[in-house]
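This is what each chain is made of:
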Amino acid sequence: MKVVSVNTPSAAYEVKIGAGLLDSLGEEVRARTKAGRAVVVSGENVFPLYGKRALESLRNAGIRAESVVFPSGEETKSLTRYGELLNSLTDFRMSRSDCLVALGGGVTGDLTGFAAATYQRGIAYVQVPTTLLAAVDSSVGGKTAVNLPAAKNQVGAFYQPAAVLCDTDTLSTLPPRELRAGYAEVIKYGILGDADLFDTLQQGGFTPENIIETCVRMKADIVAEDEHDFGRRRLLNLGHTFGHAVEARSGYQLLHGEAVAVGTAMIARAAVRMGMLDAHSRDAIVETLESFGLPVRTDYGADELYELLLLDKKISSGKLSLIVPLGIGWCEAIPVDRGKLRQWLEAAYD
Ligand code: NAD
Ligand code: GLY
């Protein structure tokens, strides 16, 4: 088992990564919270696979455990489901000392975390990520949210979990397309800050446990320095500005990780056109994404994506921070105004 400590100004917790950890969920909740009750929040694909073990582990630790199961998919990150979850917590008589468990991917984690942040002004929650994307990114760092019809993640909170328990065995049931989508975020870490990780991904021969640990260590380091996303944390949005627009335009038919892959390839192309990245690095980025079976282009035109870009949460004082790769393992946030944003977008189609 690997253990990574996360220390942010608001909280300190551990991320445990290893095979079979789901059975220690009850002990973990007991050790990290004061919960007498816990509600396992999950999705309809994941709960039948892992729900019983999660509930048993909690009950064996003397915790009264219930479950709430939602349809799978991005649509579940909605105000409607959020309201339903809060009402269920009231029905279960959950008190401020109790705990939620997010058992699933990023959709479950983001929804559960936001409910935990706001129910009775905040109760504990534990992340149990079951997708590669959730393991390397969404379960760590405390970004929680639901979507509005107009755009993703528009309502949320920074709220750190009490613990993250990543049972790598759960990845064995993940559909191959979802696993590939998770690798888009892993490749992102390599490009933004770890050239060795990028090389490893190009060469193969790694274990999920090692890859997850490497990414979580980098994320822990970043959120310790910039919990609220005003500085270095923004680098984690590499590929997300164009990616979110493509994802929204597809009506969420494209998976989040797939959209990030397209967005990463687009920003790499634009960076070359703007004279900020060398063509060799761009080709390495695009080829590595392709080698993991990820898409690197979109059929949506610049006109279709531009309006969606203007909804981006990273716009402040009329400028949007574009995360631009300057080399492998090196990115910077570049503020651009509307006019420049349009140029960057058009350059992303090279
Ligand atoms: P997801 O949660 O939709 O899960 C993907 C699919 O795989 C779902 O159908 C799910 O039911 C299924 N699944 C999950 N685990 C499984 C398993 N072990 N076996 C079989 N099926 C399984 O998608 P995701 O890619 O994990 O997360 C995407 C979401 O995460 C997006 O909403 C995105 O905005 C969010 N996100 C949040 C952050 C953050 O920092 N909070 C970071 C990145 C992404
Ligand atoms: N996934 C981006 C962040 O956590 O900041």
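Parameters at a glance
Residues numbered from 1 in each chain as written. Chains lettered and ligands numbered in written order. Predicted model: local features only at pLDDT ≥ 70, side-chain atom pairs only at ≥ 80, totals over all residues. Heavy atoms only, no water. Helix = DSSP H or I, 4+ residues; strand = E, 2+ residues; numbered from the N terminus. Expected span 1.5 Å × (residues − 1). Buried < 20%, exposed > 50% of the residue type's maximum accessible area, 1.4 Å probe, protein only. Arc of directions from axis to C-beta. Contact = heavy atoms within 4.5 Å. Salt bridge = Lys/Arg side-chain N within 4 Å of Asp/Glu carboxyl O. Polar contact = N/O pair within 3.5 Å; in protein donor to acceptor, adjacent residues only side chain to side chain. Near = heavy atom within 4 Å. Areas by Shrake-Rupley, 256 points an atom, 1.4 Å probe, with all protein chains shown as cover. Nonpolar A, V, L, I, M, F, W, Y, C, P; charged D, E, K, R; others polar.

Enquirer: Can you walk me through helix α2 (residues 47-60) in this structure?
Expert: Residues three or four positions apart in an α-helix share a direction because the helix packs 3.6 residues into each turn. Look at α2: 18 Å from first C-alpha to last across 14 residues, which is about the 20 Å you get at 1.5 Å a residue. Taken residue by residue, α2 has Phe47, Tyr50, Gly51, Ala54, Leu55, Ser57 and Leu58 as its buried positions. On an axial view of α2, the arc spanned by its buried residues comes to 160°, and they lie on one face. In α2, those exposed residues whose orientation departs by more than 90 degrees from the buried face are Pro48, Lys52 and Asn60. Buried residues in α2 make contact with α1 (25-32), β3 (37-43), β4 (64-70) and β5 (99-104). Just beyond α2, the residue with positive phi is Gly62, at close to 85°.

Enquirer: What is the right way to read the pattern of salt bridges from this model?
Expert: When the charged atoms of two side chains lie near each other, side chains of opposite charge can form a pair. A complete count under the given rule lists 25 salt bridges for this structure. The network of salt bridges with shared partners includes Glu74, Lys77, Asp110, Lys152 and Glu247.

Enquirer: Looking at this model, I keep getting lost on the side chain of Glu247. Mind explaining?
Expert: Within the secondary structure, Glu247 sits in helix α9 (residues 240-249). At 3.2 Å, the side chain of Glu247 forms a polar contact with the side chain of His256.

Enquirer: Sorry if this is basic, but what is going on with the environment of Tyr50 here?
Expert: With respect to the secondary-structure elements, Tyr50 resides in helix α2. When the C-alpha positions of Tyr50 and Leu22 are compared, they lie 8.2 Å apart, and in sequence the two are 28 residues distant. Residues contacting Tyr50, with those up to four places away along its chain left out, are Leu22, Leu103, Asp169, Thr170, Ser172 and Thr173.

Enquirer: Which parts of the structure should I look at to understand the site of ligand 1?
Expert: Taken together, 26 residues are adjacent to ligand 1, and Glu74, Thr130, Thr131, Lys152 and Thr173 come closest. Between Asp110 and ligand 1, the recorded distance is 2.9 Å, taken from a side-chain N or O atom to a nitrogen atom. Note that an oxygen atom of ligand 1 is positioned 2.7 Å from one of the side-chain N or O atoms of Lys152. Protein coverage of the free-state accessible area of ligand 1, which is 860 Å², stands at 89%. Elements with a contribution of two residues or more to the shell around ligand 1: α2, α4 (106-118), α5 (132-138) and β8 (151-158). Looking at side-chain class alone, the shell around ligand 1 contains seven nonpolar, eleven polar and eight charged residues.

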